[in-house]
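Below are the chains, spelled out letter by letter.
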Amino acid sequence: MQVEITVNGQQRSDDVEPRLLLVHYLREVCGLRAANVGCDTTSCGACTVLLNGTSVKSCTVLTVQAAGQQVTTAEGLAANGELHPVQAAFRQEHGLQCGFCTPGMVMAAVGLLAENPHPTEAEVREGLEGNFCRCTGYHNIVRAVLAAADGAAASGTAGGERAEVSA
């Protein structure tokens, strides 16, 4: 089946099997590796991408369902050689360890901040539910999202204003 999808701002037209999951399309057809396959059951969130600006788990979206829509992966966030504010905050606040969950966590955070630009700590924790990290304990991930919401990552002051994040 022929699908036309805009991926990271670039229009694509590809022939795909009707049952091909979006995560496999992104990885195998588009050659993008940020969306990871962790569970295939929506449990881990490692495959989270933005579909028309809303975070979705790409392991449960068929590629044909994304036809005619805009898909953004972590590779598509940076602009003009500058990290997206959420990516910069994850870096500054050490919101990653092994990196496997990081792209999905970043995309979930971008989606969360698009819906709620100034979340509380509790809202960040709730908004990232369903995205699992087995390394960090979430403390620095939450701090990174709060820093991005504060604009601290863009100004280079991440970690200053929200130093007290409960574990």
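The preceding data block contains the structure.
Residues numbered from 1 in each chain as written. Predicted model: local features only at pLDDT ≥ 70, side-chain atom pairs only at ≥ 80, totals over all residues. Heavy atoms only, no water.

1. Brief notes about the pattern of salt bridges
Logical step 1: In total, this model carries 2 salt bridges according to the counting rule given.
Logical step 2: Two residues, Asp14 and Arg12, come together in a salt bridge whose shortest N-O distance is 3.0 Å.
Logical step 3: Exposure remark for Asp14: the relative accessible area of 14% places this residue in the buried category.
Logical step 4: Here Arg12 falls in the partly exposed class, since its relative accessible area comes to 23%.
Logical step 5: The partner of Arg125 in a salt bridge is Glu121, with the nearest N and O atoms 3.0 Å apart. Here Arg125 pairs with Glu121, and both are found in helix H4 (residues 121–127), just 4 residues apart, close to one helical turn.
Logical step 6: By relative accessible area, Arg125 is classed as partly exposed at 28%. (Salt bridge = Lys/Arg side-chain N within 4 Å of Asp/Glu carboxyl O. Buried < 20%, exposed > 50% of the residue type's maximum accessible area, 1.4 Å probe, protein only. Helix = DSSP H or I, 4+ residues; strand = E, 2+ residues; numbered from the N terminus.)

2. A closer look at the nonpolar core
Logical step 1: One finds Val86, Phe90, Met105, Val124, Leu128 and Val145 to be the most contacted residues of the largest nonpolar core, which totals 27 residues.
Logical step 2: Secondary structure elements with two or more residues in this core: helix H2 (85–92), helix H3 (102–115) and helix H5 (139–150).
Logical step 3: Residue-level mapping places this core at the junction of two domains, with at least three residues from each of domain 1 (2–76) and domain 2 (85–155).
Logical step 4: Not counting residues up to four positions away in its chain, the partners in contact with Met105 are Phe90, Leu128, Asn131, Phe132, Cys133, Tyr138 and Ile141.
Logical step 5: Within the second largest apolar cluster, 20 residues are counted, among which are Leu21, Tyr25, Cys47 and Leu51. (Core = buried A, V, L, I, M, F, W, Y, C linked by side-chain atoms within 4.5 Å. Domains from an automatic or database assignment. Contact = heavy atoms within 4.5 Å.)

3. Concerning the sheet that holds strand E5 (residues 70–72)
Hydrogen bonding along the main chain pairs the strands of a sheet, whether they run parallel or antiparallel.
Logical step 1: One open sheet holds the 5 strands; their spatial order is E2-E1-E5-E3-E4, and the pairing between them is mixed. Two strands in the sheet have a free side with no partner beyond their single neighbour: strand E2 (10–15) and strand E4 (54–57). Between one strand and the next, the sheet's axes are offset by a mean angle of 40°, whatever the strand orientation.
Logical step 2: Sheet topology note: the strand E1 (residues 2–7)/E2 ladder contains 6 bridges and is antiparallel. Bridging from a neighbouring strand, Val7 pairs with Gln10 of E2.
Logical step 3: Most of the contacts of helix H1 (residues 22–29) go to E2, to which it runs at about 100°, and overall it touches E1, E2, strand E3 (48–51) and E5.
Logical step 4: On the sheet, H3 packs against E3, E4 and E5 and is oriented at approximately 35° with respect to E3. (Pairing = 2+ DSSP bridges. Axes fitted to C-alpha atoms, helices over the stretch in contact; angles between N-to-C directions.)

4. Some points on the pairing of E4
Logical step 1: The sheet contact formed by E3 and E4 spans 4 bridges and is antiparallel. Residue pairing across strands places Val49 opposite Val56, the latter belonging to E4.
Logical step 2: The turn linking E3 back onto E4 is made up of 2 residues, and Asn52 within it adopts a positive phi angle of 55°.

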